[in-house]
Amino acid sequence: MADKIHAFTPVFIKLLKGPIEYLEKSTWEKLVQYRAELTGFLQQLGLTLVLDEQDGYAYIKHSITEEDTTGVSWAQRRSLTYDESVMLVLLRDMMAEFEVGEATHRELIKKRREIKEYAELFFKENASRVKMLKDIDRLIDRAEENGFLERSENHDVADEQKFRIKKIIKARVDSEILEDFKQQLTAHAAKRIQHG
C-alpha cells in the first residue's frame, strides 16, 4: 500500500521541529533503528540526517546549496546576533573544558551564576556592571530559547537555576570555530591591556 505511514514518521516530525537527543529514549531508539530508511526519505526532500551517536544528538540540515533557492526550507533556521554567537562559543568552551577534565557525568550542568561568571570575563565592562549582567542574563535566556540550554530542576533564586548545556551546541560551534574565536579574544584582550 502506497499510502502506508512510515514507521519513522513521528521521528521525522520531531526532527522538523528541532534536534533530538538520546535522553528522549523512545524517539532516539526509533531514530537509530530506522536510520537508513529515514536517511533515504530525507534525501528525496533535499535534507541530510546528521546523527552523532557518541554525543547523542541528531538534526536535519539542507543538502542543497545556499544559492539553490528553489528548494523548500524545511529545517528551522535561526540567525544569531554577534553577542548570542559569543555566548554560544563560551558555552561550547565550557563543554570542551568539561570533556577534557575527568567527567564523571555525561551531561554538563551549570548554574546561571557560573555561566555569568564565565561570560563576564569575555564581555567588555559596560558603563555599568549591573547592565552587563542583565545583558548576559538575556543571552542565557536566548540560548535556552534556541535550544542550546535546558533548565534542570527549577530554582526560586534565578542565579542558582541549573542548566544542562546540550551537546547539540557542538554541531553549531565546531572545534575549528572555537579555536579561531579564542585566538581573536586573546588578540583583543592583548590590545585592551596595551591601551589600558
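Residues numbered from 1 in each chain as written. Predicted model: local features only at pLDDT ≥ 70, side-chain atom pairs only at ≥ 80, totals over all residues. Heavy atoms only, no water.

1. Considerations on the environment of A171
Step number 1: Secondary-structure assignment places A171 in helix 7 (residues 169-172).
Step number 2: Residue classification places A171 among the partly exposed residues on the basis of a relative accessible area of 30%.
Step number 3: Sequence separation of A171 and A58 is 113 residues, and the distance between their C-alpha atoms is 9.3 Å. (Helix = DSSP H or I, 4+ residues; strand = E, 2+ residues; numbered from the N terminus. Buried < 20%, exposed > 50% of the residue type's maximum accessible area, 1.4 Å probe, protein only.)

2. Considering the side chain of K116
Step number 1: Structurally, K116 is set in helix 5 (residues 112-120).
Step number 2: Not counting chain neighbours up to four residues away, the residues in contact with K116 comprise L133, I136, D137, I140 and D159. (Contact = heavy atoms within 4.5 Å.)

3. Focus: the sheet that holds strand 3 (residues 57-62)
Step number 1: Taking strand neighbours across the sheet as the criterion, the 3 strands line up as 1-3-2 in an open arrangement whose pairing is antiparallel. Lying at the two open borders of the sheet, with one neighbouring strand each, are strand 1 (20-21) and strand 2 (47-52).
Step number 2: Here strand 2 pairs with strand 3 via 6 bridges, running antiparallel. Looking across to strand 3, one finds that L49 is bridged to I60.
Step number 3: Running over the sheet, helix 3 (residues 35-44) touches strand 2 and strand 3 and is turned about 150 degrees from strand 2. (Pairing = 2+ DSSP bridges. Axes fitted to C-alpha atoms, helices over the stretch in contact; angles between N-to-C directions.)

4. Describing the pattern of salt bridges
Step number 1: All chains considered together, the criterion is met by 23 salt bridges.
Step number 2: The partner of E160 in a salt bridge is K111, and the shortest N-O contact between them spans 2.9 Å. One end of the pair, E160, is in the loop between strand 5 (149-152) and strand 6 (162-165); the other, K111, is in strand 4 (residues 108-111), with 49 residues separating them in the sequence.
Step number 3: Of the residues examined, K111 reaches a relative accessible area of 23% and is grouped as partly exposed.
Step number 4: Linked through salt bridges whose partners overlap, the residues forming this network are E21, E107, E150, R164 and K166. (Salt bridge = Lys/Arg side-chain N within 4 Å of Asp/Glu carboxyl O.)

5. Comments concerning the confidence of the model for the protein
Step number 1: Mean pLDDT over the protein: 82, with 82% of residues reaching 70 or higher.
Step number 2: For the protein, helix 8 (residues 175-195) is the element with the lowest average pLDDT, namely 69, and strand 6 is the one with the highest, namely 95. (pLDDT = per-residue confidence, 0-100.)

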